[in-house]
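Architecture and fold: a report
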Amino acid sequence: MSAIVDVDVQPSADAVMRAAAEQVVDAAVGAARASGRFAIALAGGATPRQLYTLLATPPYVARVEWRAVHVFWGDERGVPPDDPASNYRMARATLLAQVSVAPEHVHRIHGEEAPPVAATAYERELRAAFATPTGPPRPLAGARLDLVLLGMGDNGHTASLFPHSPVLDERQRWVVADHVDATPPARVTLTAPVINAAALALFLVVGAAKAAMLRRVLEGPRDPAALPAQLVAPTNGRVRWIVDAAAAAQLTKC
Ligand code: 6PG
């Protein structure tokens, strides 16, 4: 079954965050009811900060059963957890320090370690969390991420899957290290198979600076080597893009 893709254009960045918060809450309620757990992979960068802050405040904060939430990351920079560039640090400051996720349910990528070491350790932790010691991820409830939050760079990257990187073709490993054309360059990232085993891949894209790339990714020729965001197509799940009018300005089909 191919992924169902839909694009939700919201009038402003604030509206994007409110719509995204509704999506996260709905997914959390559904997953907790179905399997007693909600496994979410958080995105880094600047865009999701406002979403995380929103989720930690009324009315959203009271609608999530935080004790059932397991937090993962789609990627991490090769920096310590207290570094300003750390995706974990950002999520902890904006969300995790405000809600009652059990410490043992916060599955941090250890950016302070050498990236290949951190990647191997994180894959072990993911495989244990999803009871899949070997082989490919299983797109089944309880054995996969329920929601993967993703951003998109203005070069078409997502997570830390960057254009023309060999890791784009990785189909066996769930987590890999890479050295990318961004700051900081050392990265650890989920690979496409893990993201594509998720129930829902939720992209958040805001701002005019992303408009040209968003049109290439959503409406241009398929070229995932140049546009890694095009790799995201859950095999038994959905892709939802929540974008603001500025980012959607060059789209012709929305
Ligand atoms: C990261 C993110 C990355 C991010 C995009 C968009 O670690 O930086 O995972 O994939 O989502 O670069 O970043 P902005 O939201 O800051 O534009």
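That block above? That's the structure.
Residues numbered from 1 in each chain as written. Predicted model: local features only at pLDDT ≥ 70, side-chain atom pairs only at ≥ 80, totals over all residues. Heavy atoms only, no water.

**Section: the side chain of D244**
Stated precisely, the cut-off is as follows: Helix numbers and strand numbers start at the N terminus; a helix is a DSSP run of H or I with at least 4 residues, a strand a run of E with at least 2. Polar contact is the term for a pair of N or O atoms within 3.5 Å; when the atoms are in protein, one must be able to donate a hydrogen and the other to accept it, and sequence-neighboring residues count only if both atoms are side-chain atoms. Throughout, a contact is declared for two residues whenever any of their heavy atoms are within 4.5 Å.
Mapped onto the elements, D244 comes out in strand β9 (residues 238-244). Polar contacts involving the side chain of D244 include one to the main-chain amide nitrogen of G207, which spans 3.0 Å. If sequence neighbours within four positions are ignored, D244 has contacts with V9, Q10, S12, A13, V16, V205, V206 and G207.

**Details of the nonpolar core**
Note on soluble globular proteins: their nonpolar side chains tend to be buried together. Defined as follows: Only buried residues count toward a nonpolar core, which is a set of Ala, Val, Leu, Ile, Met, Phe, Trp, Tyr and Cys residues joined through side-chain atoms within 4.5 Å. Relative accessibility under 20% of the residue-type maximum defines a buried residue, over 50% an exposed one, and the middle range a partly exposed one, all with a 1.4 Å probe and only protein chains included.
One finds L51, W73, L145, L149 and W241 to be the most contacted residues of the largest nonpolar core, which totals 82 residues. Sequence-distant contacts of W73, defined by excluding residues within four places in its chain, comprise A41, L42, N87, Y88, A91, L96, V106, H107, R108, I109, Y122 and L190.

**As for the pairing of strand β6 (residues 175-179)**
Selection criterion: Here, strands pair whenever DSSP counts at least two bridges between them.
Bridge analysis of β6 against strand β7 (residues 186-190) gives five bridges, and the strand direction is antiparallel. Along β7, the bridge assignment pairs V176 with T189. From the end of β6 to the start of β7, which pair antiparallel, there are six residues.

**Side note on the environment of A249**
Within the secondary structure layout, A249 lies in the segment after β9. The exposed category is assigned to A249, whose relative accessible area is 59%. C-alpha of A249 to C-alpha of A211: the two residues are 38 residues apart in sequence and 6.1 Å apart in space.

**Section: the pattern of salt bridges**
Note the following rule: Between Lys or Arg on one side and Asp or Glu on the other, a salt bridge is scored when a side-chain nitrogen of the former is within 4 Å of a carboxyl oxygen of the latter.
Here the structure, examined in full by the defined rule, presents eight salt bridges. Between R187 and D75 there is a salt bridge, and its shortest N-O distance comes to 3.9 Å. Here D75 lies in strand β4 (residues 75-77) and R187 lies in strand β7, a separation of 112 residues in the sequence. There is no split in this pair, since R187 and D75 are both buried. For E219, the salt bridge is made with R215, and the minimal N-O distance between the two is 3.8 Å.

**Some words on the site of the ligand**
Which entries qualify depends on this criterion: We call a residue near a given molecule or strand whenever any one of its heavy atoms falls within 4 Å of it. Under the convention used here, a 1.4 Å probe and the Shrake-Rupley method define accessible areas, while residue burial counts only the protein chains that appear. Only Asp, Glu, Lys and Arg are considered charged, only Ala, Val, Leu, Ile, Met, Phe, Trp, Tyr, Cys and Pro nonpolar, and every remaining residue, Gly among them, polar.
In the vicinity of the ligand, 15 residues are found, and the nearest of them are T47, D75, R77, H157 and A159. Within the side chain of T47, a nitrogen or oxygen atom sits 2.6 Å from an oxygen atom of the ligand. Within the complex, the protein chains bury 86% of what would otherwise be the 410 Å² of accessible surface of the ligand. Here the shell around the ligand is composed, by residue class, of three nonpolar, eight polar and four charged.

**Section: the packing of aromatic side chains**
Two numbers describe a pair of aromatic rings. These are the distance of the centres and the angle of the planes. As a reminder of what qualifies: Each Phe, Tyr or Trp ring (for Trp, its six-membered ring) is paired with any other whose centre lies within 6.5 Å, and the angle between the two planes then decides the class: stacked below 30 degrees, edge-to-face above 60, tilted in between. By definition, being over a ring means that NZ of Lys or CZ of Arg is both within 6 Å of the ring centre and within 35 degrees of the ring normal.
In total, this model carries three aromatic pairs according to the counting rule given. Relative to W241, the ring of F203 has its centre 3.8 Å away and its plane inclined at 5°; by these criteria the two rings are stacked. Taken together, the positions of F203 in strand β8 (residues 200-205) and W241 in strand β9 put the pair 38 residues apart, joining distant regions of the chain. Residue placement shows R108 over the ring face of Y88; its charged tip is 5.6 Å from the ring centre.

**Concerning the pairing of β9**
For clarity, the cut-off: Here the term right-handed applies to a crossover when the path leading from its first strand over the helix to its second strand runs clockwise, the strands being oriented away from the viewer.
Among the seven residues in β9, six count as buried, and that is most of the element. For β8 and β9, the ladder comprises six bridges, and the chain directions are parallel. Following the sheet pairing, V205 is matched in β9 by V243. With helix α6 (residues 211-219) bridging β8 and its parallel neighbour β9, the resulting β-α-β unit is right-handed.

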